[in-house]
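Each chain is listed here by its residues.
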Amino acid sequence: MAHIVVLATGGTISSRSGAAGSVATDGAVALLGAALDSSQASTVEAVDVLRKNSFNITLADVRTLAEAIRTQLDRADVDGVVVTHGTDTVEECAFLVDLVHDDPRPVVFTGAQLSADRPDSDGPANLRDAIAVASAPAARSLGVLLTFAGRIFGSRGVQKADTLAPDPFSSRDGGPIGRVICGVVHLTARPARTSVLPMPGPTFGDVPVEILHCHLGSGDHAFRRAVESGARGIVLAGTGAGNLNTDLVAAVADAVAAGVVVALGTRVSQGPVVPLYGGGGAVDALAAGAVSLGTLSCVQGRILLALLLEHHTPRRAAELLSEYCAAV
Ligand SMILES: NC(=O)C[C@H](N)C(=O)O
C-alpha cells in the first residue's frame, strides 16, 4: 500500500466564508477528514506548511514549500506527495517545484474552486484524485503534476484559464496528460522535462523580477521606472507573438546594457513568441537583447528567471533562460 504525505498550504480548498469573505482556515487534518473514508487504497499523513490564499504567497513561501517537499522525499517510507494550494498562483508554485524536482516519486498539486464550507465543494474529490495520482506507479518520473476536476496536467504550461469554472485549468500549447476516472489513473502523454535546477536559496524571496504588460499606447515609462527601482529581471508580456513598441525597444537595449535580464513573453494565452515584425516588434526586441520565452507563460518565465538570477550572473542567467526556453 502506497504511503502519501499531504502538505496543506491554504487556498479555497481550505477556506471558510465569513463576513470578511472567504479565508483560508482548515489545515491538512481537516482536509483529509472531509475527503477520505476507510476504503482509501493508500495510507495518508497530514502536514501543514502554510495557511494562505495563494494570492498572498511569496517567493519565500514557495521556497519554504519546496524545502518541505524535499524533507518528505528524504524519507524512504514516502511514495508520493500531494500539495493542496490555492488555484490563483498554483501554476507558479508547481512550476518552481518541478524545476528543482530530482526524484521519480510524484508530487501532485490540487485545490478547489468552491470553499470547504460549501456542501458542493470540489475539494474532497480533487484531493482524493490527487492522492490516487501520487500513489500510481504510472505517475512516477513525470515531474510535478496538477490534478483538478478529474484531469491531470504537467506543471510546465498549466495555467488558470477561467476564474470561476469548476475545471479552470488549461495547458499552453498542449492539453491534459491524463484523467482520473472513478479513482483510476489513466495517463495518455508524458510532460517534456529538462535538466533539474538547484533548489532556491535563502535570497530567492528577494530577487526582484517584475512582469510588465504591454498594451495599446504603453510606451516605456513603466519599464524605465522598474529598472530605476532596482529590478534585476523584467518579463515583458508583449502583444501578439511578442511585440513591444519602438520606445520600449530602446529602453530594453538600455536595460540589457545595464545588466538587467529582459525576457520576452506574450500577453496572449496560447502560442509562442516568434520574431515576425520589425519597427518595435519581436524582431527588434530580440535584437535589443531580450530573451524569448518561447511558449513559456510570463508568470512561469518570471519564476524561472528569479531562480536563475539567484544562482548566476545576469549574463549566465540570460544564457540559461534562452537554453531552457529553446529546449521545451
Ligand atoms: N480557488 C482558489 O483557490 C482561489 C483562491 N483565491 C486562491 O488562490 O487561494
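Quick caveat, the model's predicted, so the values are computed rather than measured.

Colleague: Would you explain the overall build of the protein in this entry?
Modeller: On a plain count of helices and strands, the protein comes out with nine helices and 16 strands. By the compact-globule yardstick of 20 Å for 328 residues, the protein fits well, its C-alpha radius of gyration being 20 Å. Reported as C-alpha extents along the three principal axes, the dimensions of the protein are approximately 65 × 45 × 35 Å. Relative to its full complement of 328 residues, the protein shows a buried share of 53%. Residue pairs at least 24 apart in sequence account for 73% of intrachain contacts in the protein once pairs closer than 6 positions are excluded. Summing over all exposed atoms, the protein offers an accessible surface of approximately 13500 Å²; the carbon and sulfur share of this is 54%.

Colleague: I would appreciate a short explanation of the pattern of salt bridges in the present structure.
Modeller: Pairing of side chains with opposite charge becomes possible as their charged atoms draw close. Summed over all chains, the structure comprises 13 salt bridges. Measuring nitrogen to oxygen at the nearest pair gives 2.9 Å for the salt bridge that ties Arg-75 to Asp-77. With a relative accessible area of 24%, Arg-75 lands in the partly exposed category. Judged by relative accessible area, which is 42%, Asp-77 ranks as partly exposed. A salt bridge links Asp-220 to Arg-224; its shortest N-O distance comes to 2.9 Å. Residue Asp-220 is classed as buried on the basis of its relative accessible area, which comes to 13%. Through salt bridges with shared partners, a single network forms among Glu-45, Arg-75 and Asp-77.

Colleague: Got a minute to help me understand the UniProt feature "domain: Asparaginase/glutaminase C-terminal" (unreviewed entry) in the protein in this structure?
Modeller: In the numbering used here, UniProt assigns the feature "domain: Asparaginase/glutaminase C-terminal" (unreviewed entry) to residues 209–314. The span residues 209–314 shows a helical share of 39% and a strand share of 18%, and its end C-alpha atoms are spaced 12 Å apart.

Colleague: Looking at this structure, how should I read helix H3 (residues 90–99)?
Modeller: Within H3, 10 of the 10 residues are buried, which leaves the element mostly enclosed by the surrounding structure. Among the residues of H3, those classed as buried are Val-90, Glu-91, Glu-92, Cys-93, Ala-94, Phe-95, Leu-96, Val-97, Asp-98 and Leu-99.

Colleague: Would you mind going over the domain arrangement of the protein with me for this structure?
Modeller: As a measure of interface size, the accessible area lost when the parts come together is often cited. Here the protein is described as being made up of domain 1 (3–187) and domain 2 (207–327). Carbon and sulfur atoms make up 53% of the surface buried where domain 1 meets domain 2, a total of about 1600 Å² over both sides. For the domain 1 face of the interface with domain 2, the top three residues by lost area are Leu-59, Arg-156 and Arg-172, together amounting to 42%. Counting across the domain 1 and domain 2 interface gives zero salt bridges. Linking domain 1 to domain 2 there are 12 residue pairs in polar contact (both at pLDDT 80 or more). Top element by residues in the side of domain 1 that touches domain 2 is H3. It accounts for five residues.

The rules we used
Residues numbered from 1 in each chain as written. Predicted model: local features only at pLDDT ≥ 70, side-chain atom pairs only at ≥ 80, totals over all residues. Heavy atoms only, no water. Helix = DSSP H or I, 4+ residues; strand = E, 2+ residues; numbered from the N terminus. Rg over C-alpha atoms; globule rule 2.2 N^0.38 Å. Buried < 20%, exposed > 50% of the residue type's maximum accessible area, 1.4 Å probe, protein only. Contact = heavy atoms within 4.5 Å. Areas by Shrake-Rupley, 256 points an atom, 1.4 Å probe, with all protein chains shown as cover. Salt bridge = Lys/Arg side-chain N within 4 Å of Asp/Glu carboxyl O. UniProt positions renumbered as here; feature names shortened; annotations may be inferred. Domains from an automatic or database assignment. Buried area = accessible area lost by both parts, 1.4 Å probe. Polar contact = N/O pair within 3.5 Å; in protein donor to acceptor, adjacent residues only side chain to side chain.

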